[in-house]
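Remarks on the overall topology
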Amino acid sequence: MFSNDRNIETIGQLIESLKHYIGLQQQYIKLDVVDKIVQLITAITIAAIIVVLLMLACIYLSFAVSYSLSSIVGNVIAFSIVGGSYLVLLFICFIFRHQWIEKPLVRFLANLLLDKKV
């Protein structure tokens, strides 16, 4: 009763559909991984460009501030003031590194890698 040709053909079609579905799921996972990698590389590239441009602007502004202060306090003290202000800024960034750097980065990566697209 269970072994007639129609049942065997239906089971064969079901197995073929299942194989096709698994193949499509594998392709979807590959495309999803590629999409996430491209988004991550794009974000890293944009961040690197912004950091480089900010560093260049910071260097030029530092020299401008130093040279404008040098007429008031002298060259050595003007450059020392600018250097000291960068050390204070570095210390502040070190203190708040968890809030300003680690948590936003973890949040960004979690949102990027763990979002479920249905």
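Now for a description of the structure that goes with this document. Here the residue index of a chain counts from 1 through its sequence in written order. Local features in this predicted model are restricted to residues of pLDDT 70 or higher, and side-chain atom pairs are both shown and tallied only at a pLDDT of 80 or more, whereas totals for entire chains, interfaces and linings draw on every residue. Derived side-chain values reflect all non-hydrogen atoms in the structure, with water molecules and hydrogen atoms excluded from consideration.

1. Thoughts on the overall build of the protein
Operational definition: The numbering of helices and of strands both runs from the N terminus, where a helix is a DSSP run of H or I of at least 4 residues and a strand a run of E of at least 2. Between the two quantities, the radius of gyration covers C-alpha atoms and the globule rule is 2.2 Å times the number of residues to the power 0.38. Only protein chains enter the area calculation, which uses a 1.4 Å probe; residues under 20% of their type maximum are buried, those over 50% are exposed, and those in between are partly exposed. Computed with a 1.4 Å probe, the accessible areas rest on the Shrake-Rupley method; for each residue, only the protein chains presented here act as cover. Counted as positive: Lys and Arg. Counted as negative: Asp and Glu. His and the chain ends are not counted at all. Lys charges are placed at NZ, Arg charges at CZ, Asp charges at CG and Glu charges at CD.
Helix and strand counts for the protein stand at three helices and zero strands. Along the protein, helices (α) and strands (β) appear in the sequence α-α-α when read from the amino end. For the protein, the C-alpha radius of gyration of 30 Å lies well beyond 13 Å, the compact-globule estimate for 118 residues. C-alpha extents for the protein along the principal axes are approximately 105 × 25 × 15 Å. Per-residue burial for the protein yields a buried fraction of 6% across its 118 residues. With an accessible surface of roughly 10,200 Å², the protein has 75% of that area assigned to carbon and sulfur atoms. Charge-centre separation for the protein: the mean point of 9 positive side chains lies 12 Å from the mean point of 7 negative side chains.

2. Remarks on the packing of helix 1 (residues 5–73) against helix 2 (residues 75–95)
So the rule is basically this: Orientation is described by axes fitted as lines to C-alpha atoms, over the contacting stretch for helices, and by angles from 0 to 180 degrees between their N-to-C directions. In these notes the angle categories are as follows: under 35 degrees is roughly parallel, over 145 is roughly antiparallel, 65 to 115 is roughly perpendicular, and the rest is oblique. Take the far helix as the reference: if the near one is turned anticlockwise from it by less than a right angle, the crossing is left-handed, and if turned clockwise, right-handed. Here a residue-residue contact requires only that any non-hydrogen atoms of the pair lie within 4.5 Å.
Running from N to C, helix 1 and helix 2 point in directions that differ by 140°, and their axes come no closer than 7 Å. In terms of orientation, helix 1 lies oblique with respect to helix 2. The chirality of how helix 1 crosses helix 2 is right-handed. Listed contacts from helix 2 to Cys-58, Ser-62, Phe-63, Val-65, Ser-66, Tyr-67, Leu-69, Ser-70 and Val-73 of helix 1 are Asn-75, Ile-77, Ala-78, Phe-79, Ile-81, Val-82 and Tyr-86.

3. Topic: the side chain of Ser-70
Among the secondary structure elements, Ser-70 is positioned in helix 1. Using a relative accessible area of 16% as the deciding quantity, one classes Ser-70 as buried. The contacts of Ser-70, once residues within four sequence positions are left out, are Asn-75 and Ala-78.

4. A few points about the packing of aromatic side chains
We apply this condition: Two aromatic rings, drawn from Phe, Tyr or Trp (for Trp, its six-membered ring), form a pair once their centres lie within 6.5 Å of each other, and the interplanar angle then sorts them: stacked below 30 degrees, edge-to-face above 60, tilted otherwise. Whether a charge lies above a ring is judged from NZ of Lys or CZ of Arg, which has to be within 6 Å of the ring centre and within 35 degrees of the ring normal.
In this structure the tally under the stated criterion is four aromatic pairs. Ring centres of Phe-63 and Tyr-67 lie 6.2 Å apart, and the angle between their planes is 25°; this geometry places the pair in the stacked category. Of this pair, Phe-63 and Tyr-67 both sit in helix 1, four residues apart, which is roughly one turn of that helix. Following the ring pairs from residue to residue traces out a cluster consisting of Phe-63, Tyr-67 and Phe-79. Here the basic side chain of Arg-97 rests over the ring of Phe-94, its NZ or CZ set 4.3 Å away from the ring centre.

5. Some words on the side chain of Lys-36
Just so we agree on the cut-off: Residues adjacent in sequence count toward polar contacts only when both atoms are side-chain atoms; beyond that, a polar contact is any pair of N or O atoms within 3.5 Å, and within protein one must be able to donate a hydrogen and the other to accept it.
Looking at where Lys-36 falls in the secondary structure, it is placed in helix 1. Taking relative accessible area as the criterion, Lys-36 reaches 9% and is therefore assigned buried. At a separation of 2.9 Å, a polar atom in the side chain of Lys-36 contacts the main-chain carbonyl oxygen of Leu-112. Contact partners of Lys-36, with chain neighbours within four places excluded, come to Leu-112, Leu-113 and Asp-115.

6. Observations regarding the state of the cysteines
Disulfide: a covalent bond connecting the sulfur atoms of a pair of cysteines. Filter applied, for reference: Sulfur atoms of two cysteines make up a disulfide when they are within 2.5 Å.
One pass over the structure, following the stated rule, counts zero disulfides. The thiol of Cys-58 is not disulfide-bonded; the next cysteine sulfur, from Cys-93, is found 11 Å away. You can call Cys-58 partly exposed: its relative accessible area is 29%.

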